[in-house]
Number of protein chains: 2
Amino acid sequence: MQRANDSISAALAVIGDRWSLLVLRGVFRGLHRFGELRDDLGIASNLLTTRLNRLVEQGVLEKVQYQDRPVRFEYRLTDAGRDLSPVLVSLMQWGDAHQMSGNAPTTLVHATCGAPIENVTRCTQCREDVDATAIRNTNDHQLETT
Amino acid sequence: MQRANDSISAALAVIGDRWSLLVLRGVFRGLHRFGELRDDLGIASNLLTTRLNRLVEQGVLEKVQYQDRPVRFEYRLTDAGRDLSPVLVSLMQWGDAHQMSGNAPTTLVHATCGAPIENVTRCTQCREDVDATAIRNTNDHQLETT
DNA sequence: CAGTATCCTCGAGGATACTG
DNA sequence: CAGTATCCTCGAGGATACTG
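Along every chain, residues carry numbers that run from 1 in the direction the sequence is written. As they are written, the chains are lettered A onward and the ligands numbered 1 onward, keeping that order. The predicted origin of the model limits local features to residues at a pLDDT of at least 70 and limits the giving and counting of side-chain atom pairs to 80 or more, whereas totals for whole chains, interfaces and linings rest on all residues. Excluded from the side-chain calculation are hydrogens and water; included are all heavy atoms of the structure.

**Side note on the protein's contact with DNA strand D**
Part 1 of the argument: Close to DNA strand D lie 15 residues; Thr49(A), Tyr66(A), Arg72(A), Arg18(B) and Asn46(B) are nearest.
Part 2 of the argument: Residues are classed as near a molecule or strand on a simple rule: at least one heavy atom within 4 Å of it. Among the atoms of DNA strand D close to the protein, meaning within 4 Å, 63% are from sugar or phosphate groups.
Part 3 of the argument: Distance and chemistry together define a polar contact, namely a pair of N or O atoms within 3.5 Å, with one atom able to donate a hydrogen and the other to accept it when in protein, and with adjacent residues in sequence counting only for side-chain atoms on both sides. Side-chain polar atom of Arg72(A) to a base oxygen of DNA strand D: 2.7 Å apart, as the coordinates give it.
Part 4 of the argument: Elements with a contribution of two residues or more to the surface near DNA strand D: helix H3 (34–41), helix H4 (45–57) and strand E2 (71–77) of chain A together with helix H4 (45–57) of chain B.
Part 5 of the argument: Side-chain classes are defined by residue name, with Ala, Val, Leu, Ile, Met, Phe, Trp, Tyr, Cys and Pro counting as nonpolar, Asp, Glu, Lys and Arg as charged, and the others, Gly among them, as polar. Classifying every residue of the surface near DNA strand D by side-chain character gives five nonpolar, five polar and five charged. Here a helix means four or more residues in a row that DSSP labels H or I, a strand means two or more in a row labelled E, and each is numbered from the N terminus.

Here you go:
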């Protein structure tokens, strides 16, 4: 993409194509093997190969051998991959609210409580939830000009 | 896309192309006019036209007239558009952490505190932050089969 | 200034056959 | 089963000129 001096474009350069987030969604849901992902997504196998390799290169997924004759690998989230969870959750939350008119086909719940989870933006200082209108953008220029 | 019976694909069908999220990022940052967005993004004008029209159709942006001779419109976020804020914030947070090796080029702050904000996933019941590994997926089948 | 109209390119995505 | 190899299509994206 252009202007990679921005974290959003940088993130989109990694997962901003038509399949990557869907592949990751599958892995988050417990699909780790090539065939499982291919069948679930209905993606052409050659494409799945390139997507997986790319995500591995980018450090989002890693190949873990699960069998040795023949040698077979499965795909697991790295820490960086797991950190993409909020992206998927926020996307799903938005889709639920605005594309499914509130009828969520699936709900994400807290493993220990069983209660639904939500994605929010919060202030690190006052700990209050921050509305989109209360967000400001600060250039960290000082760091460079000092 | 395929399988639109999923909120993530549904969301991606609206903003999952190469430009939409970047356009929205611009609007969030205060760029509301055609020329501002075009210059900031370096996007071809015909493409910007189709992206903006599409986002308006999808109910994410709305045209607001700001001048009448000649008639000129600017683009504003609707409520649905504003609800995409967590997607942008989580994407930026991930880009900062994993693509900029922690050196955020820009920081989002809370308007009232001035302190940095963060995007988290939280349990609606116990109010604790929920780690990606503590998220479970529940099919809401009961609703349909009843 | 905020687009619209045209035309073109290129590569992501897809279908299909094949292999250790 | 987990890919690789080939070939093809089509449309998103882009460049450029034009207009009220």
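What follows continues from the structure just given.
**A word on the protein's contact with DNA strand C**
Part 1 of the argument: Taken together, 15 residues surround DNA strand C, and among them Arg18(A), Asn46(A), Thr49(B), Tyr66(B) and Arg72(B) come closest.
Part 2 of the argument: At the protein interface, 65% of the atoms of DNA strand C within 4 Å belong to sugar or phosphate.
Part 3 of the argument: Taking Tyr66(B), its side chain carries an N or O atom lying 2.5 Å from a phosphate oxygen of DNA strand C.
Part 4 of the argument: Separating a base oxygen of DNA strand C from a side-chain N or O atom of Arg72(B) is a distance of 2.7 Å.
Part 5 of the argument: Of all the secondary structure elements, the ones that give two or more residues to the surface near DNA strand C are H4 of chain A together with helix H3 (34–41), H4 and strand E2 (71–77) of chain B.
Part 6 of the argument: For the surface near DNA strand C, a count of residues per class yields five nonpolar, five polar and five charged.

**Quick notes on the interface of chain A and chain B**
Part 1 of the argument: Chain A puts 77 residues into the contact, and the matching count from chain B is 77 residues.
Part 2 of the argument: Around 7,000 Å² of area is buried between chain A and chain B when both sides are counted, 59% of it from carbon and sulfur atoms.
Part 3 of the argument: For chain A, the biggest contributors to the area lost against chain B are Ile8(A), Trp94(A) and Arg122(A); these three give 10% of the whole.
Part 4 of the argument: Think of a salt bridge as a Lys or Arg side-chain nitrogen and an Asp or Glu carboxyl oxygen that are within 4 Å of each other. Counting the contacts that link chain A with chain B gives 10 salt bridges.
Part 5 of the argument: In this structure, the connection of chain A to chain B is made through 35 residue pairs in polar contact (both at pLDDT 80 or more).
Part 6 of the argument: Looking at the side of chain A that touches chain B, the elements that each hand over two or more residues are helix H1 (7–15), helix H2 (20–28), H3, helix H5 (79–82), helix H6 (85–98), strand E3 (106–110), strand E4 (117–123) and strand E5 (135–139) of chain A. Here, two residues are considered to be in contact whenever any of their heavy atoms come within 4.5 Å of each other. A 1.4 Å probe defines the accessible area here, and the buried area is the portion of it lost by two parts on being joined, summed over both.

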